[in-house]
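Observations on the model geometry
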Amino acid sequence: MTFRFSLGHVFACALLSLAVCAAAPAPKRIALTFDDVPRAEGAFFGQDERTRRLIGALDEAGVEQAAFFLNPGMLADADKRGGTARIAAYVEAGHVIANHSMTHPRLQAVPLDAFIADIDAAESWLEGREGRRQWFRFPYLDAGGPDTDKRDAVRAALAERNLLDAWVSVNASDWWIDDAASKAVAEGRALDMNALRDFYVARHVEAADFYDDLARRTIGRSPAHVMLPHETDLAALFVDDLVAALREAGWEIVSADEAFADPVYREAPEVPFAQGTLFEQMAWAQDLPEPRWFEMNRTEKLAAAFEAQVAEAPHQSDEGFAYASATLLPSGETVERAGGGAAPGGLYQFGSISKYACTLLALSLAEEGRLDLDAPVARYLPAYRGPAGSGLTLSHLLENRSGLPDGLVAAMAEDESVLSERMTAAEAADRFAGGTPVFEPGEAYDYAISNWILVQAVLEEAGDRPLAALLDDYVFGPAGMEGAQQVVGVLSGPQATVPSEPVPDLPAWAGCAGGIGGSAADLLGLMRFAHAAGFSQGAIARLTTVVSPESSYALGGRILHAAREGEPVALTWLSGSNGPFESFGAYDPVRDTGFAVVTGTGEREQAEALRDAWFARSGYQEAPRRAEGGQE
């Protein structure tokens, strides 16, 4: 143990008796023990980056030994791959590992035999590993709740296996703080990171002081305490600040070995409900007066304090900016949010993102053998009056590399009422997509709406149904897009968003060009669909291969090539607009995470800034490329 005396203390001891000096209080001692290893990636870091930062922060803070309590059964989870190497990195850095059960079951919720078998499975994994300690910690600190027979049976099983019940003596609900911060990030809420650091640190120091006072009231002395943080992003961010604050408050950081050598951790309190920290249980057993529980571990109090001290208002770049967003978290949960008076789940026009929906439909029909993307368009539309003998294929259209002139834009420049004319998609294709090509198909990129009128005509012919029915059957339904619709006229339904200024009614023949709508969550489902629906590798490759590097355009939409934690990643990167309707989406198929934001107020920059903020806080590098022309 290292004692640090101030110069004033040395002179005081020279003047006072030795007895007085001997009575100077010893520093309070505390060890750090991290639970639930390995965890999935968080809101701020991937697993590898978090481990690297946590090891570095502990080293910088001078913590020579912490303990990491493992759930080896989690190593098989897809979102925790590489956990064995990360555990080894903790040990290599001088830290120790111990048993937290194989799969993290709650004792109250499983049979006794299954719980003991879970302990044994973790012991088998740990056997012979460097840094291993003969300690076991109950998941959720749940030692059986009201079932004292089960509690006693597990205690006996631990004794038979020479496993120490690795009690926690200081708990600050750090897992809740990390969850709250992660949810705020997912919802697009701004976080004051300095305030978050101060909140995290203060709760732990307060908890340490509270539990030390409780220990003194319970056993008449200050033991070597055991603090419970978890392997979270916030621990990686702030553990060095926490250690500094503990030392400032008179605490000495000791090893887990030293802490668990304290005989108090051999206690087995007899209480009616076995769950919680050691001194909570011992104080209850002794019927000590309140307070016996750390008040800030009560969720309602912690939540109120977090909202007041850390979470700022939802991000709004301008007053009156109304938007709805949806974030797909690594856990698989979708978090929806709205700001500026908009309603979560509201429906919006997606504009040019409709092209991506029709591309997915084309791939679905191709997977069934009903469509060949590389066959001439004339195979499906023999009466099409477009350029003959040009070798024009559906792929050329989906890639915006057809060479067809944009007849619809030219017609609308003369008379906007052309959108109100009733005709089939095939008739519209003859009228607006039949001019003399400006270049040979496949020769160059040209964003032409007329391509997509012809795409719709081909899809309806190959699918033998109107576009709306095909999208419902092949895309919207399978993708779980509950509010998605082809917009004919205006958006329909009680959740339809009224735009800030009027937009023209959309004709049925312009569905693929820009006539799809839905919610922010529907947009997430659209981007995720091909990767989650079991499309063939060939179809996925076509969907994600950029064929026009100057525009990052692939098949029906853009792909943004970025990097995360030094590894390349290809994000689906979509945007669309129709008047004041603006939509932006991003999706990472490797991590299965994404973000979508929609607005009906025309505030493109503010909506795009929310997507860019998701990109940055999710750890991606390289600046997002802006789509020329404002659409995709």
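Data block above holds the structure.
In this report, we go over the structure that sits alongside the text. On a predicted model such as this, the values are computed, not experimentally measured, just so you know. (Residues numbered from 1 in each chain as written. Predicted model: local features only at pLDDT ≥ 70, side-chain atom pairs only at ≥ 80, totals over all residues. Heavy atoms only, no water.)

1. Side note on the environment of Lys-301
With respect to the secondary-structure elements, Lys-301 resides in helix H12 (residues 299-309). Taking relative accessible area as the criterion, Lys-301 reaches 35% and is therefore assigned partly exposed. Those residues within four positions of Lys-301 in sequence are excluded, and the remaining contacts are Glu-295 and Met-296. (Helix = DSSP H or I, 4+ residues; strand = E, 2+ residues; numbered from the N terminus. Buried < 20%, exposed > 50% of the residue type's maximum accessible area, 1.4 Å probe, protein only. Contact = heavy atoms within 4.5 Å.)

2. Observations regarding unusual backbone geometry
Look at the link from Val-37 to Pro-38: it is a cis peptide, with omega at 5°. Tracing the chain through its elements places Pro-38 in the loop between strand S1 (28-37) and helix H3 (47-60). Residue Pro-291 follows Glu-290 across a cis peptide bond; omega there is 0°. For Pro-291, the location among the structural elements is in the loop between helix H11 (278-285) and H12.

3. A word on the pattern of salt bridges
Under the counting rule described, the total for this entry stands at 30 salt bridges. In this structure, the salt-bridge partner of Arg-221 is Asp-262, at a minimum N-O distance of 2.7 Å. On the criterion of sequence distance, the pair formed by Arg-221 in the loop between helix H8 (193-219) and strand S9 (224-228) and Asp-262 in the loop between helix H10 (256-260) and strand S11 (274-275) is long-range, its members being 41 residues apart. When its relative accessible area of 32% is taken as the criterion, Arg-221 is described as partly exposed. Since its relative accessible area comes to 6%, Asp-262 is described here as buried. The closest approach of N and O atoms between Asp-374 and Arg-542, which form a salt bridge, is 2.9 Å. Taken together, the positions of Asp-374 in the loop between helix H13 (354-367) and helix H14 (377-380) and Arg-542 in helix H22 (residues 537-544) put the pair 168 residues apart, joining distant regions of the chain. By relative accessible area, which is 31% here, Arg-542 ends up partly exposed. (Salt bridge = Lys/Arg side-chain N within 4 Å of Asp/Glu carboxyl O.)

4. Description of the sheet that holds strand S14 (residues 334-339)
Pairing is antiparallel across the open sheet formed by seven strands, whose spatial order is S14-S13-S21-S20-S19-S18-S22. Lying at the two open borders of the sheet, with one neighbouring strand each, are S14 and strand S22 (620-621). Bridge count between strand S18 (residues 558-564) and strand S19 (residues 567-578): seven bridges; the pairing is antiparallel. From the neighbouring strand, Ile-559 faces S19, where its bridge partner is Thr-572. (Pairing = 2+ DSSP bridges.)

Bear in mind that shape data such as this cannot, by itself, settle questions of function.
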